[in-house]
Amino acid sequence: MNEQSMAWYHPPAELPRLQVPPDAAVHIRRGRVDDVPRLYELINYYAARGDMLPRAMDHLYHRVREFHVAEAGGEVVGCAALKIIWRDLAEVISMVVHPDFQGRSLGRQLVESLVQEACSLGIANVCTLTLQPGFFSRLGFREIPKTYLHHKIWQDCDICFKKDRCDEIPMIREC
Ligand SMILES: CC(C)(COP(=O)(O)OP(=O)(O)OC[C@H]1O[C@@H](n2cnc3c(N)ncnc32)[C@H](O)[C@@H]1OP(=O)(O)O)[C@@H](O)C(=O)NCCC(=O)NCCS
């Protein structure tokens, strides 16, 4: 995040209270601009606890086309995004499911939807940098040395606030 984004960055102290019951039917769809306030709340609630990287509101508007969301009863209850890194590599980022809907395979469905998109774009591999390696290994990702992701490191890691103390585990899955 740049300095201007930081000035506008206020991570929520609480998760959004959902109006929709936890057993409601869910479908996965592409992100829309009117989803952005909810994406901001979900991602930055966990980011403030160190579970994932923060995303400023302006970043989310710029990148909303990369998001797939889980929607139940008109509410966004989960999200994840696919960021293209290079010719043969895309990355799953900003993966969150609201706790009321965790354990219902929404995380799996969101990742599968992103992997399908990567495949349809002709991208051979999907990676992630995560603090939840158990979740991603259930979805067919395997741990790799971070140096395998050199394009990712040039683009993002070198300017990340975690640069010299990164605790995220690099993982990859073939399309
Ligand atoms: C991690 C997270 C996205 C999982 O979402 P979810 O919808 O509950 O996951 P699913 O129900 O799709 O689980 C898919 C599989 O992963 C397993 N799994 C889920 N979370 C796991 C975890 N933290 N560790 C190990 N395995 C996990 C499930 O048991 C399931 O296995 P199975 O299909 O073989 O039975 C969710 O817990 C979350 O949003 N956490 C807070 C934010 C976060 O940490 N995001 C990740 C940032 S890298």
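In case you missed it, the structure is sitting above this.
Everything quoted here is computed from the prediction, not taken from an experiment.

K.L.:
Would you mind showing me how to read the site of the ligand here?
P.N.:
Residues in close proximity to the ligand total 19 residues, the closest being Gln102, Gly107, Arg108, Gly134 and Arg138. Where the shell around the ligand is concerned, the elements lending two or more residues are strand 4 (89-97), helix 4 (106-120) and helix 5 (133-138). Its residues assigned to classes, the shell around the ligand shows 8 nonpolar, 7 polar and 4 charged.

K.L.:
Mind showing me how you'd approach the sheet that holds strand 1 (residues 26-30) here?
P.N.:
Two orientations exist for strands paired in a sheet by backbone hydrogen bonds: parallel and antiparallel. Pairing in this open sheet of 7 strands is mixed, and the strands run 1-2-3-4-5-7-6 from one edge to the other. Taken across any chain shown, the strands that pair with only one partner, and hence form the sheet edges, are strand 1 and strand 6 (142-143). Note that strand 2 (residues 67-72) and strand 3 (residues 75-86) share 6 bridges and pair antiparallel. Bridge assignment links Glu71 to a residue of strand 3, and that residue is Val76. Contacts from helix 4 reach strand 1, strand 2, strand 3, strand 4, strand 5 (125-130) and strand 7 (169-174), with the element oriented near 35 degrees to strand 3.

K.L.:
I would appreciate a short explanation of the nonpolar core in the present structure.
P.N.:
The tendency in soluble globular proteins is for nonpolar side chains to be buried as a group. Counting residues in each nonpolar core, the largest one holds 40 residues, and the members touching the most others are Leu39, Ala70, Cys79, Ala80, Val92 and Leu114. Of all the secondary structure elements, the ones that give two or more residues to this core are helix 2 (36-48), strand 2, strand 3, strand 4, helix 4 and strand 5. In this view, Leu114 contacts His68, Ala80, Leu82, Val92 and Val126; residues no more than four positions away in its chain are not counted.

Cut-offs and rules
Residue indices follow the written sequence of each chain, beginning from 1 at its first position. Whole-chain, interface and lining totals are the exception, using all residues; otherwise, since this is a predicted model, local features are given only for residues with pLDDT of at least 70 and side-chain atom pairs are given and counted only at 80 or more. All residues are tested the same way: a C-beta atom is placed from the backbone, and lying within 6 Å of a molecule or strand makes the residue near it. Helix and strand assignments follow DSSP, with helices taken as H or I runs no shorter than four residues and strands as E runs no shorter than two, numbered in order from the N terminus. Classification convention: Asp, Glu, Lys, Arg as charged; Ala, Val, Leu, Ile, Met, Phe, Trp, Tyr, Cys, Pro as nonpolar; all other residues, Gly among them, as polar. Here the rule is simple: two strands pair whenever DSSP picks up at least two bridges between them. By the convention adopted here, residues are in contact when the distance between their C-beta atoms, placed from the backbone, does not exceed 7 Å. Helix axes use the C-alpha atoms of the stretch in contact, all axes being lines fitted to C-alpha atoms, and the angles between their N-to-C directions lie in the range 0 to 180 degrees. Any set of buried Ala, Val, Leu, Ile, Met, Phe, Trp, Tyr and Cys residues joined through C-beta atoms within 7 Å is what this text calls a nonpolar core. Neighbour counting defines burial: a residue surrounded by 20 or more other C-beta atoms within 10 Å of its own C-beta is buried, one with 12 or fewer is exposed, and intermediate counts give partly exposed, using backbone-placed C-beta atoms.

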